[in-house]
Amino acid sequence: KNNSRIKVIAVEPNVNVCFNYIKRFQNKYEILYFPFAILGHDNNDDIQLKGLNLYEHTKSSSIYERNRLKGGTVLCAGVKFSYLWKFLLENDLIDREQPYILRMNCEGSELGVIEDIKRIGIKPKCIIGSIGDLIKIHGEEANTKAVELLKEMNIPDKASIIVLNK
């Protein structure tokens with residue numbers, strides 16, 4: 001039975017990571033799945049082809065180089081969060097007035113998402129989890145900027161789930 005009150009928008013470039021979850025929950029929730037990566041603050045383009053690094057002994061993948069043993073690299077599309085948000089609104093896939101839950105695990109693109117959220121005026125209610133990949137990939141400066149933006153928006157900095165309104 002489909003719960004029409006809940007819509008899941010899943011963004012994951014590595015189909016192997018989410019396929020079973022989508023298959024399992026598609027009868028209960030409306031799911032829109034986008035097989036691309038979210039671009040970080042270090043990308044100027046709204047859309048860009050990126051190398052998606054696949055790592056051995058894990059389902060983890062990233063458009064950023066990690067200090068891990070790679071199992072290969074595949075080409076994937078990447079989009080800015082603001083571009084995705086605009087697309088969803090323009091195509092009536094979401095309603096601006098509806099509350100949203102966004103689980104963010106962007107493997108280094110978190111600062112770009114946080115900057116876009118602030119710039120386009122989405123009002124997060126809370127964040128739960130970690131933005132720890134920023135330090136690992138982009139260094140202390142990017143992490144500090146993300147924490148400062150979260151404070152400006154009155155969002156705790158221990159985060160990976162953002163509840164969005166309006």
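Residues numbered from 1 in each chain as written. Predicted model: local features only at pLDDT ≥ 70, side-chain atom pairs only at ≥ 80, totals over all residues. Heavy atoms only, no water.

Student: With reference to specific residues and values, describe helix α5 (residues 140-152).
Tutor: Helix length check: α5 (13 residues) gives 18 Å between terminal C-alpha atoms against 18 Å at 1.5 Å per residue, within 8%. Those residues of α5 lying buried are Ala 142, Asn 143, Ala 146, Val 147, Leu 149 and Leu 150. The arc that holds every buried residue of α5, seen down its axis, measures 160 degrees, which confines them to one face. In this structure, α5 carries Glu 141, Lys 151 and Glu 152 as exposed residues pointing more than 90 degrees from its buried face. At the exit of α5 stands Asn 154, carrying a positive phi of roughly 60 degrees. (Helix = DSSP H or I, 4+ residues; strand = E, 2+ residues; numbered from the N terminus. Expected span 1.5 Å × (residues − 1). Buried < 20%, exposed > 50% of the residue type's maximum accessible area, 1.4 Å probe, protein only. Arc of directions from axis to C-beta.)

Student: Report on the pairing of strand β4 (residues 47-55), specifying residues and quantitative values.
Tutor: If a strand is regular, its side chains alternate between the two faces of the sheet. Here nine bridges tie β4 to strand β6 (residues 70-79), and the two strands are oriented antiparallel to one another. When the bridges of β6 are listed, Leu 54 appears paired with Gly 72. Of the strand pairs in this sheet, β4 and strand β5 (residues 61-62) are connected by two bridges, and their pairing is antiparallel. Bridged to Asn 53 within β5 is Ser 62. The antiparallel hairpin formed by β4 and β5 contains five residues in its connecting segment, where His 57 sits at a positive phi of about 65 degrees. (Pairing = 2+ DSSP bridges.)

Student: So, the nonpolar core: which residues are in play, and what are the values?
Tutor: Grouped together as the largest cluster of nonpolar side chains are 25 residues, with contacts concentrated most on Ile 38, Phe 81, Leu 84, Ile 114 and Ile 131. If you look at the next biggest cluster of nonpolar residues, it comprises six residues, including Ala 37, Leu 39, Leu 52 and Ile 63. (Core = buried A, V, L, I, M, F, W, Y, C linked by side-chain atoms within 4.5 Å.)

Student: I'd like a rundown of the side chain of Asn 143, residues and numbers included.
Tutor: Note on placement: Asn 143 falls in helix α5. In contact with Asn 143, not counting residues within four places along its chain, are Ile 131, Leu 134 and Ile 135. (Contact = heavy atoms within 4.5 Å.)

Student: Which residues make up the pattern of salt bridges, and what values go with them?
Tutor: Counted by the stated rule, this structure contains four salt bridges. Of the charged contacts in the structure, one is a salt bridge between Lys 145 and Glu 115, with a shortest N-O distance of 3.0 Å. One end of the pair, Lys 145, is in helix α5; the other, Glu 115, is in helix α3 (residues 110-120), and 30 residues separate them in sequence. Judged by its relative accessible area of 40%, Lys 145 falls in the partly exposed class. Between Lys 118 and Glu 152 there is a salt bridge, with the nearest N and O atoms lying 2.3 Å from each other. Linking Lys 118 in helix α3 with Glu 152 in helix α5, this pair joins segments that are 34 residues apart in sequence. The exposure class assigned to Lys 118 is partly exposed, which follows from its relative accessible area of 37%. (Salt bridge = Lys/Arg side-chain N within 4 Å of Asp/Glu carboxyl O.)

Student: Tell me about the environment of Tyr 33, and name the residues and values.
Tutor: Considering the arrangement of structural elements, one finds Tyr 33 in strand β2 (residues 29-34). As a C-alpha pair, Tyr 33 and Pro 13 span 20 residues in sequence and 9.9 Å in three-dimensional space. Every residue in contact with Tyr 33, bar those within four places of it in the chain, is listed here: Ala 10, Glu 12, Asn 14, Val 15, Cys 18 and Ile 22. In terms of polar contacts, Tyr 33 uses its side chain to reach the backbone carbonyl oxygen of Glu 12, at 2.7 Å. (Polar contact = N/O pair within 3.5 Å; in protein donor to acceptor, adjacent residues only side chain to side chain.)

Student: A description of the sheet that holds β4 should follow, citing residues and the corresponding values.
Tutor: Paired through their backbone hydrogen bonds, the strands of a sheet run either parallel or antiparallel. Taken in spatial order, the four strands of this open sheet run β3-β6-β4-β5, and their pairing is mixed. Looking at the sheet topology across the chains shown, the edges are occupied by β3 (37-38) and β5. Across the face of the sheet, helix α2 (residues 81-90) comes into contact with β3, β4 and β6 while running at roughly 50 degrees to β6. (Axes fitted to C-alpha atoms, helices over the stretch in contact; angles between N-to-C directions.)

Student: Residue-level account of the packing of α3 against α5, with values.
Tutor: α5 packs onto α3 with a crossing angle of 30 degrees between their chain directions and a minimal axis gap of 10 Å. Comparing their axes, α5 and α3 come out roughly parallel. Remark: the crossing between α3 and α5 carries left-handed chirality. Facing Leu 111, Ile 114, Glu 115 and Lys 118 of α3, the residues of α5 in contact are Ala 142, Lys 145, Ala 146, Leu 149, Leu 150 and Glu 152. Here the residues of the contact of α3 with α5 are counted per class, giving six nonpolar, no polar and four charged. (Parallel < 35°, antiparallel > 145°, perpendicular 65-115°, else oblique. Left-handed = near helix turned anticlockwise from the far one by under 90°. Nonpolar A, V, L, I, M, F, W, Y, C, P; charged D, E, K, R; others polar.)

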